[in-house]
Amino acid sequence: MVFIILIILVFNIPFLNVIITSLKSKVDLISYPPKIIFKPTFEHFENIFTSGTFRFGKFLYNSFVIALVTSLFSIILTLPAAYYILFFRKGKRFLLPMVTNLRSIPLIIFAMPIYLSFKQLSLIDTRLGLIIVHLLVDIPISLVLLVNFLQSVPKEIIEAARIDGAAESKILIKIIPPMVSSSIVATFILCFIYSWNEFLFALILSIKNTTTLTVGATLFITAWGVQWGEISAAIVISTIIPFVLTFYIQKHLIEAYSGGLKE
Amino acid sequence: MPIIRDKFSLLFKKEEDKIKRKKFKNFFLIFPLELFVIGGLIFLIIFTIYISFFNVRFGNLHEANFVGFSNYINILSSEGFWNSMKFSLKFAIVVTLLETVLGFLIAYYIFSKFKGNKIIFTLLLTPIMMAPSLYGLMNRILLNNFVGFIPSYINYFFGINIDFFNPDIVFYTLVLIDVLQWTPFVMLIAYSALLGIPKQVFEAARIDGANSFKILINITIPYISSSIIAAAILRFLEAFRSFDTIYVLTGGGPGDLTSTVSIYIYKVGFHLGYQGLASAAGLILFTIMIVITFNAMKLIYRRW
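As a convention, each chain's residues are numbered from 1 in the sequence order in which they are written. As they are written, the chains are lettered A onward and the ligands numbered 1 onward, keeping that order. Side-chain atom pairs in this predicted model are given and counted only at pLDDT of 80 or more, local residue features only at pLDDT of at least 70, and totals for whole chains, interfaces and linings cover all residues.

**Let's talk about the overall build of chain A**
So the rule is basically this: Strands are runs of DSSP state E lasting at least two residues, helices are runs of H or I lasting at least four, and both sets are numbered from the N terminus onward. Using C-beta atoms placed from the backbone, we call a residue buried if 20 or more other C-beta atoms fall within 10 Å of its own, exposed if 12 or fewer do, and partly exposed for counts in between. What counts as a contact here is a pair of residues whose C-beta atoms, placed from the backbone, lie within 7 Å.
What chain A contains, in helices and strands, is 13 helices and two strands. The buried share of chain A, taken over its 263 residues, is 46%. Relative to all contacts within chain A whose residues are 6 or more apart in sequence, the contacts with residues 24 or more apart total 76%.

Following this line, the structure appears as structure tokens:
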């Protein structure tokens, strides 16, 4: 019993540590050895929102909007495609393998052309630009996931609906979503988390308007030194959401990777 | 009789047309995005190839000159590029091995003792959900010489002063951090695979008198081996193109010491501004990865 607690602790130490560090006052931060028992303070959390130079609120807003829009469009665009692949059995031969192979390519390869073309299209430092880039990566992920989740829909219901003369679009809107709603939400969350955590393109394509949380956190490392309290507070806020969301989707993750077979 | 046949064929033809039109409409409604994504990717690749033949500097397309293959020759003969390839390879291999073994062990442990315990499972899963760059920063805070818990307490209890980011041991620090974050990923896949083994197999084996160890070797491992291998391959590919974590921790290391291929290409393209060079490097990397993946796939499909 102790062993498992130890393992859990080891894997969560960085997270626990950053929470503790964010609550330490400036004096406690630099004490040696670092205090385990101290009086917590929320000044760092206040600072990052009110500080004129860091504008953490804006980072939060950017990350949130980009992640939200990306995930929404990802689902809207891939759900019909997943349905089509499964129930018409057409695109399976080409689309799925191509899409899965895409994930083995380092994204940096696309950094150059995207940067240059976005420069021509004035999409640098815009949220729209980042959304497009994230979509390019999110769509394959959500397609694979949805195809996986849709496989649990019994074919008979679809056949019955078709015989009753329902148009395919009706089936898509009225029948499928209620049956796989939790899977759709899970895919949405996974896309959201991916977009939320994305770093490389946020780094390349943002200057000051569309800086996201991931890039913004690095801004606390200045030439004059690292603001440990503030950066910890920023990281805590940025990672608390994925942390909480994990509890919701862990069931779906197992389902996705075990091919639907549970005990 | 011919009249009836004709009437029937007319009826069928109408149905046929309706179905054809329906298929056409559905195709259009459903697939445009896929074409958009694939078309976009093809465009990007062609554009990259185009750029790689010019000496584009800092996003300046208009003033770039055609330089033929010199970008490619430059990269292929550049020490920095191959060093980063070596580093990426070394890093990916070490990390994948550690994570696969540890991930499987932990998954097996939970499977035997805490199967179905959602809280424990989720708490072990959390590192993979966090942003790699933020996770890197978290560890920087943890292992930093000034405010980090670990170096301070090591110093306090043992009197030794470990600098985790010292060029000599920074590789191991980076490995440690990657293992901490991604072992749960292998664990997730292994655990799911373990859950997928039908109970009857275990029961039958126990009835036949097999002990736990024998069951592990002869039943469990064969059942999940394909999942574990898939997880290992996924991790390897991901670790090879590592960027976020290492970049925020060392920025590519003192000089180019800890630059993975992605970091190297990024620095060439965006810090130095040689975007033609970076494109060429990217394409070379792309070809290498396609070749490796293709051969790996062939190997896997032949085994099964």
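**Some thoughts on the overall build of chain B**
Of regular secondary structure, chain B possesses 13 helices and zero strands. When the helices and strands of chain B are listed from N to C terminus, the series reads α-α-α-α-α-α-α-α-α-α-α-α-α. Looking at the 304 residues of chain B, the share that counts as buried comes to 37%. Put simply, of all contacts in chain B between residues at least 6 apart along the chain, 69% involve residues at least 24 apart.

**What to know about the interface of chain B and chain A**
Heads up, the condition is: Any residue outside Ala, Val, Leu, Ile, Met, Phe, Trp, Tyr, Cys, Pro, Asp, Glu, Lys and Arg is labelled polar, Gly included; the first ten of those are nonpolar and the last four are charged.
Taken residue by residue, the interface counts 71 residues in chain B and 68 residues in chain A. Looking at the side of chain B that touches chain A residue by residue, the classes come out as 49 nonpolar, 17 polar and five charged.

**As for helix 10 (residues 212–240) of chain B**
Residue and element names in this part refer to chain B. Keep this limit in mind: Expected span of a helix: the number of residues minus one, times 1.5 Å. Bend is computed residue by residue as the angle between axes fitted to the seven residues ending at the residue and the seven residues starting at it.
In this model, helix 10 (29 residues) spans only 36 Å end to end at C-alpha, well below the 42 Å of a helix rising 1.5 Å per residue. Of all bends in helix 10, the biggest is about 50°, found at S225. Among all positions in helix 10, only T220, I224, S227, A231, R235, F236, A239 and F240 are buried. Lining the buried residues of helix 10 we find helix 4 (79–113) and helix 8 (170–195).

**Some points on unusual backbone geometry**
Non-glycine residue S122 of chain A carries a positive phi angle of around 55°. By the element assignment, S122 of chain A lies in the loop between helix 6 (108–120) and helix 7 (127–150).

**A closer look at the packing of helix 1 (residues 2–22) of chain A against helix 6 (residues 132–143) of chain B**
Note the cut-off: Between N-to-C directions, angles span 0 to 180 degrees; the directions come from axes that are lines fitted to C-alpha atoms, helices contributing only their stretch in contact. Should an angle fall under 35 degrees it is taken as roughly parallel, and over 145 as roughly antiparallel, whereas 65 to 115 is taken as roughly perpendicular and any remaining angle as oblique. Throughout, a crossing is termed right-handed when the near helix is turned clockwise from the far one, and left-handed when it is turned anticlockwise from it by less than a right angle.
As a packed pair, helix 1 of chain A and helix 6 of chain B sit with axes 9 Å apart at the nearest point and diverge in direction by 70°. One element, helix 1 of chain A, and the other, helix 6 of chain B, form an angle in the roughly perpendicular class. The hand of the helix 1 of chain A/helix 6 of chain B crossing is left-handed. Here I13, P14, F15, N17, V18 and T21 of chain A of helix 1 of chain A come into contact with helix 6 of chain B, specifically with Y135, M138, N139, I141 and L142 of chain B. Looking at the contact of helix 1 of chain A with helix 6 of chain B residue by residue, the classes come out as eight nonpolar, three polar and no charged.

**Details of the confidence of the model for chain A**
Applicable threshold: Note: pLDDT gives the predictor's confidence per residue, expressed from 0 to 100.
On average, residues of chain A carry a pLDDT of 81, and 89% of them reach 70 or more. At the low end of the mean pLDDT range in chain A sits helix 5 (residues 95–101) of chain A, at 67; at the high end sits helix 11 (residues 200–205) of chain A, at 89.

**Here's the deal with the environment of F91 of chain B**
Residues and elements named next belong to chain B. With respect to the element layout, F91 can be found in helix 4. Placed 66 residues apart in sequence, F91 and F157 show a C-alpha to C-alpha distance of 31 Å. Discounting chain neighbours no more than four positions away, the residues touching F91 are L174, V175, A239, S242 and T260.

**Remarks on the packing of helix 4 of chain B against helix 10 of chain B**
Residue and element names in this part refer to chain B. At a minimum axis distance of 8 Å, the contact between helix 4 and helix 10 shows a crossing angle of 145°. Here helix 4 runs over helix 10; the crossing is right-handed. In contact with S88, F91, A92, V95, T96, E99, T100 and F104 of helix 4, helix 10 contributes I228, A231, A232, R235, F236, A239 and F240. In terms of residue class, the contact of helix 4 with helix 10 is made up of ten nonpolar, three polar and two charged.

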